[in-house]
Amino acid sequence: MAKPLVIVESPAKARTIEEYLGGEYTVKSSVGHVRDLASNASQVPEKWRGTEAGRYSVEIDNHFRPIYIIPAGKKKVVAELRKAMSNADELYLATDEDREGEAISWHVREVLDKQISASTPVKRMVFHEITPEALQEAMNNPRELDMKLVEAQEGRRVLDRLVGWDLFTVLRRKVGQGLSAGRVQSVATRLVVERERARMAFRSGEYWDLEAVFSADGATVDARLLEIDGRRIATGRDFDPDTGRLADDSAVLQLGGDDAKALRERLGSTDFSVTSVESKPYTSNPKPPFITSTLQQEAGRKLGFSASRTMAIAQRLYERGYITYMRTDSVNLSSQAVAAARSQIRELYGAEYLPEKPRSYSRKVKNAQEAHEAIRPAGESFRVPDSVSGELDADERKVYELVWKRTVACQMAASRGHNLAVRIVGDSSNQETCTFAASGKTIEFPGYLRAYVEGSDDPDARLDDQESPLPPLTEGQSVGCEELEPTSHATKPPARYTEASLVKELEERGIGRPSTYASVIGTIIERGYVFKKGSALVPAFIAFAVVQLLERHFTHLIDYGFTARMEEDLDVIARGEGESEKWLDQFYNGNGQPGLKELTTDEQIAGIDAREVNCIHLNLDAGDDVPETVVRCGRYGPFLDRDGETASLPEDLPPDELTLEYIEQRFTQAKDGGRVVGIDPVSGDEILAKDGRFGPFLQVGELTDDGPKPRTASLFKTMSLETVDLDTALKLLSLPRVVGEDSEGREITAQNGRYGPYLKRSDGESRSLEEEEHIFSVTVGEAEALYAQPKRRGRQRTALAELGEHPDNGKQVKILEGRYGPYATDGVTNASIPRGRTPEEVTLNEAVEMLRDRLAKGPVKKAKKKPAKKTTKKATKKKAAKKKAAKKKPAKRKPTAKRKAPAKKPTAKRKAPAKKAAGEPAAPDGDS
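Caption draft 1: Layout of the overall build of the protein chain. Counting its regular elements, the protein chain contains 28 helices and 33 strands. Taking all 928 residues of the protein chain together, 48% fall into the buried category. Sequence-distant contacts, at least 24 apart, represent 68% of the contacts inside the protein chain between residues at least 6 apart. About 46800 Å² of surface is accessible on the protein chain, with carbon and sulfur atoms providing 48% of the total.

Caption draft 2: Structural context of the nonpolar core. Core analysis: the largest hydrophobic core is formed by 147 residues, its most contacted members being V6, F127, I323, L549, L640 and L658. Here this core gets twelve residues from one element, more than from any other, and that element is helix α6 (residues 147-174). With residues near it in sequence (within four places) discarded, L640 still touches L618, T629, V630, V631, E645, T646, A647, L649, L658, I663, R666 and F667. Judged by nonpolar contacts, the second largest core, of 26 residues, contains A216, I228, I424 and L484.

Caption draft 3: Up close: unusual backbone geometry. Note that the residue after L735, namely P736, is joined by a cis bond; omega there is 5°. In this structure, P736 sits in the loop between α23 (726-733) and β26 (737-741). In this structure, S57 takes a positive phi of about 65° despite not being glycine. In this structure, D217 takes a positive phi of about 55° despite not being glycine. Looking at the element boundaries, D217 is found in the loop between β9 (206-216) and β10 (219-228).

Caption draft 4: Structural view of the sheet that holds strand β2 (residues 26-29). An order of β2-β1-β7-β8 is seen for the four strands of this open sheet, with the pairing classed as parallel. Edge strands, defined here as strands with exactly one partner in the open sheet, are β2 and β8 (122-124). Across the sheet, the mean angle separating the axes of adjacent strands is 25° when strand polarity is ignored. One ladder, built from four bridges, connects strand β1 (residues 3-8) with β2; its direction is parallel. Following the sheet pairing, I7 is matched in β2 by K28.

Caption draft 5: Geometry of the confidence of the model for the protein chain. Here the protein chain averages 84 in pLDDT, while 88% of its residues score no lower than 70. Low pLDDT, under 50, characterises residues 365-370; the predicted model gives this stretch 24 contacts beyond four residues in sequence or across chains. Counted against residues more than four places away or in other chains, residues 456-465, with its pLDDT under 50, gives 19 contacts.

Caption draft 6: Geometry of helix α13 (residues 394-409). Across its 16 residues, α13 extends 22 Å between first and last C-alpha, which sits within 8% of the 22 Å expected from 1.5 Å per residue. What α13 keeps buried is the set D395, E396, V399, Y400, L402, V403, W404, R406, T407, V408 and A409. By the N-cap criterion, in which a side-chain oxygen at the helix start approaches the backbone nitrogen of a residue two or three places on, α13 is capped by D393, the distance to D395 being 3.2 Å.

Caption draft 7: Geometry of the pattern of salt bridges. Scanning the model with the defined rule gives 50 salt bridges in all. Here E46 makes a salt bridge to R49, at a shortest N to O gap of 3.4 Å. Under the relative-accessibility criterion, E46 is labelled partly exposed at 36%. The partner of D571 in a salt bridge is R513, with the nearest N and O atoms 2.4 Å apart. Placement of the pair is D571 in helix α17 (residues 560-574) and R513 in the loop between α14 (499-509) and α15 (514-526), with a sequence separation of 58 residues. Residues D571 and R513 agree in their burial class; the two are buried. One salt-bridge network, held together by shared partners, links D742, E744, R746, R761 and D763.

Caption draft 8: Spotlight on the packing of aromatic side chains. According to the stated counting rule, one finds 15 aromatic pairs in the structure shown. Taking 6.3 Å as the distance between ring centres and 70° as the angle between the ring planes, the aromatic pair formed by Y25 and Y92 counts as edge-to-face. You can see Y25 sitting in the loop between α1 (11-21) and β2 and its partner Y92 sitting in strand β7 (residues 88-93), a full 67 residues away along the chain. For the residue pair Y25 and Y92, the accessibility class agrees, reading buried in each case. Ring geometry for Y322 and Y400: centres 6.3 Å apart, planes at 80°, overall edge-to-face. A residue pair is termed long-range when its members are at least 10 positions apart, and Y322 in the loop between α10 (307-319) and α11 (335-348) and Y400 in helix α13 qualify at 78 residues. For the pair shown, Y322 and Y400 are each scored as buried.

Caption draft 9: Up close: a negative patch on the surface. On the surface, D222, E482, E483 and E485 cluster together into a patch of negative charge. Looking at the element boundaries, E485 is found in strand β15 (residues 478-490). Taking the relative accessible area as the measure of exposure, E485 reaches 44% and is therefore partly exposed.

Caption draft 10: Examining the packing of α6 against α17 more closely. Two numbers describe how α6 lies on α17: the axes approach to 7 Å, and their chain directions differ by 150°. By the angle between their directions, the pair α6 and α17 is classed as roughly antiparallel. Counted together, K148, L149, E151, A152, R156 and L159 of α6 and M566, L570, I573 and A574 of α17 form the full contact between these two elements. For the contact of α6 with α17, the residue count by class is seven nonpolar, no polar and three charged.

Caption draft 11: Fine view of helix α9 (residues 292-303). With twelve residues, α9 should reach 16 Å at 1.5 Å per residue; the first-to-last C-alpha distance of 16 Å fits that figure. Among the residues of α9, those classed as buried are T292, S293, L295, Q296, Q297, E298, A299 and R301. Looking at the buried positions of α9, the neighbouring elements they touch are α10, α13, α14 and α15. Downstream of α9 by one or two residues, G304 has phi in the positive range, about 75°.

Caption draft 12: Fine view of the sheet that holds strand β28 (residues 756-761). Taken together, the four strands give an open sheet; going across it, the order is β26-β27-β28-β29, and neighbouring strands pair in antiparallel fashion. Each end of this open sheet is capped by a strand with a single partner; those strands are β26 and β29 (766-768). This sheet shows a mean twist of 25° between the axes of neighbouring strands, independent of strand direction. Both β26 and strand β27 (residues 747-753) contribute to a ladder of four bridges, which runs antiparallel. Looking at β27, one finds that E741 is bridged to E747. Strands in contact with helix α25 (residues 780-788) are β26, β27, β28 and β29; relative to β28, the strand with the most contacts, it is inclined by about 90°.

The rules behind the values
- Residues numbered from 1 in each chain as written.
- Predicted model: local features only at pLDDT ≥ 70, side-chain atom pairs only at ≥ 80, totals over all residues.
- Heavy atoms only, no water.
- Helix = DSSP H or I, 4+ residues; strand = E, 2+ residues; numbered from the N terminus.
- Buried < 20%, exposed > 50% of the residue type's maximum accessible area, 1.4 Å probe, protein only.
- Contact = heavy atoms within 4.5 Å.
- Areas by Shrake-Rupley, 256 points an atom, 1.4 Å probe, with all protein chains shown as cover.
- Core = buried A, V, L, I, M, F, W, Y, C linked by side-chain atoms within 4.5 Å.
- Pairing = 2+ DSSP bridges.
- Axes fitted to C-alpha atoms, helices over the stretch in contact; angles between N-to-C directions.
- pLDDT = per-residue confidence, 0-100.
- Expected span 1.5 Å × (residues − 1).
- Polar contact = N/O pair within 3.5 Å; in protein donor to acceptor, adjacent residues only side chain to side chain.
- Salt bridge = Lys/Arg side-chain N within 4 Å of Asp/Glu carboxyl O.
- Phe/Tyr/Trp six-rings, centres within 6.5 Å; stacked < 30°, edge-to-face > 60°.
- Patch = residues over 30% accessible without salt bridge, like charges linked within 9 Å, V, L, I, M, F, W, Y side chains within 5 Å.
- Lys, Arg positive; Asp, Glu negative; His and termini not counted.
- Charge placed at Lys NZ, Arg CZ, Asp CG, Glu CD.
- Parallel < 35°, antiparallel > 145°, perpendicular 65-115°, else oblique.
- Nonpolar A, V, L, I, M, F, W, Y, C, P; charged D, E, K, R; others polar.

Pasting the structure below:
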């Protein structure tokens, strides 16, 4: 019997909805987008290959029409959807309610067109939470597909493709391979680079003050020197970060170390008294409920989660019916949610914590198509965290509790208390009037703080729920001085961005959309533009080169205001007040200023000075007699250049740590022939321990232009240049080590290779060793035991973590160490763990989502090698003989010729563009 078909974008979402709807409906998942622009040359339809439209997968001259394909990894999904649709009497498109969700529904509708009869109802149902009540409400009130939302999303997709491909071409030719520059990721990278530039230019300023401990009626008061004779003492905010000095006309007084110590002596016998006591009442209201960006920020501050980790967890909570839709810019709460929060406040905290009227929040929501309710616990009544803890993993419990607390707190009464300010004065022996300041805070009624306290990026900052009371003091009261200590301070450079603070900065500037921030930050980390040092985001030197190129030659693309206006333009299109085609035309072909097309012509690209773009000026004052030292980004990584003298740099060196002392150390190491470890007893040459581009190594003798290449050996990861001795060096240089012969007389050797330590047998069979040290200790018996085991496919290692069964296929999900870092695998599909995440942090649910995403993208296709250019005479004769035979026996050879002809034709066409892109995707995207 035919049943209504409900299609969502996520398998987990489908399972939850299927449970609620029962057997009356068929629920299927599209597993994300079912159609997309071609991601490489081989996917481009035959009609478009070798054309400009095929290059972009966009018909630029035909109203910027996208050329969509069904990716290989989605063909099975589409086939299943078509089969399900052929047995359905009604279609519900139930993807997310934002722009991308609307586009997914439209794509699904398009691929099912032939299976949908003219009489089959097609309905768009939207909901912001997955509960039985919300689903029933959505089914009772369906709507049509909003083609303006689709148009805005498709316009964004096409723009990202145009920007991604053209800038990829520029970067490949002028900076290096494998780079990208999307419209939002480039601006995010620029923010991180500009912060590092500020740190590099920063000059620390030193200032001193006096910290005092006063006593009154058996209690103590901590205070700090504020003024001397009415002149304020300098603090950190008074110093110029670029010079480390006070402004020449500054009215503040800068104390040096000797000044502070001398003042302490002059205050040694001073009588102090209280000159003023001020108590001001304060009221602190709760923060609004979470939107996408504030959830990412708060999870970063409180839980230490990355933006991508937070969004993955929130996605799972939404799909399983625990929270409402997590991609939203709205701080509104429905009347149902407000009632649920107020009910819990009364029950858990008491009537005094419940304000008379519900609280409402508002903010300027630029994106009208986003969900119209804030992130909150799902349902008509909220489940307290303890009641769901057994159903959620550790990460999910933390995020759910965060959402629950914030939602409940936003409807609670305000916190009330008093801020206290005290001034204590005494005259020094030189008749200097010295004023000390003390402050405190008392909380009289905690209000919403009983449920929730907002986090802080500054670990030293006081949180609102921490009282700092002062003892009761009155004006004119004498106080004793228990301690008086000179204290040194130094100004600090501006803090690097964390994921939380970068999300906040992007949102405040109106750049991008909060729902994309996690993927944008993930992209700049994966591209190697940014790496993490603790929680801080540090730009790599290659990021400086990319930003410099964009700043100098594509100024408007990296301008903060321009990027923010582009988001507003997309919102205008989504509201039906603008046209995507006109917007794309102005961006690409120009509108009063050069468009992307003109900026990326061959002539324009040829005019870009690659050497200057890849040169990073450090602006270090080494003296007039020393040539300027710059950093250059080369083919093999960053290096120092001083008037032709070069020295390599570690790729993970924070740029602000490039001091004059460090630079001299690197040049010295580059000049140094290496530490002499000892003499090689075979050749009589010195064994040198040196630092190379690929790490520390040993070398026997010096490298000469006309002599043989010296023997070398890499140090193990556990060894260092400073401590390696002669015995160890000789053992390393003796590799490969002969372990012995197995029972069949085959020789086994142990050696260290590009991918780690391994055994090799004389018949070519190899097995991996777990540790480098095993090379010297493995026995014949242990080697035979390894060979007795079946050879594992690929380069496998002991699992870093075993997470459990994959819910889709029942296979074990593990985290393994790969050539390019840790990755999740179920034995069939592999998915890289994003940089900045450790294997220990990854949960089963996260790994499963990574694998699903990887599977949805389809298999990674390796570039085919070109056939050898030279054709041997023998091969030519064979080819001629085959042609001759085909003419003689057409009946037999004709079918074979038909099978072979199509195979040859597309192969030739595929290889032509591959020559240009050197194995890179045919059309990389910017921020997609």
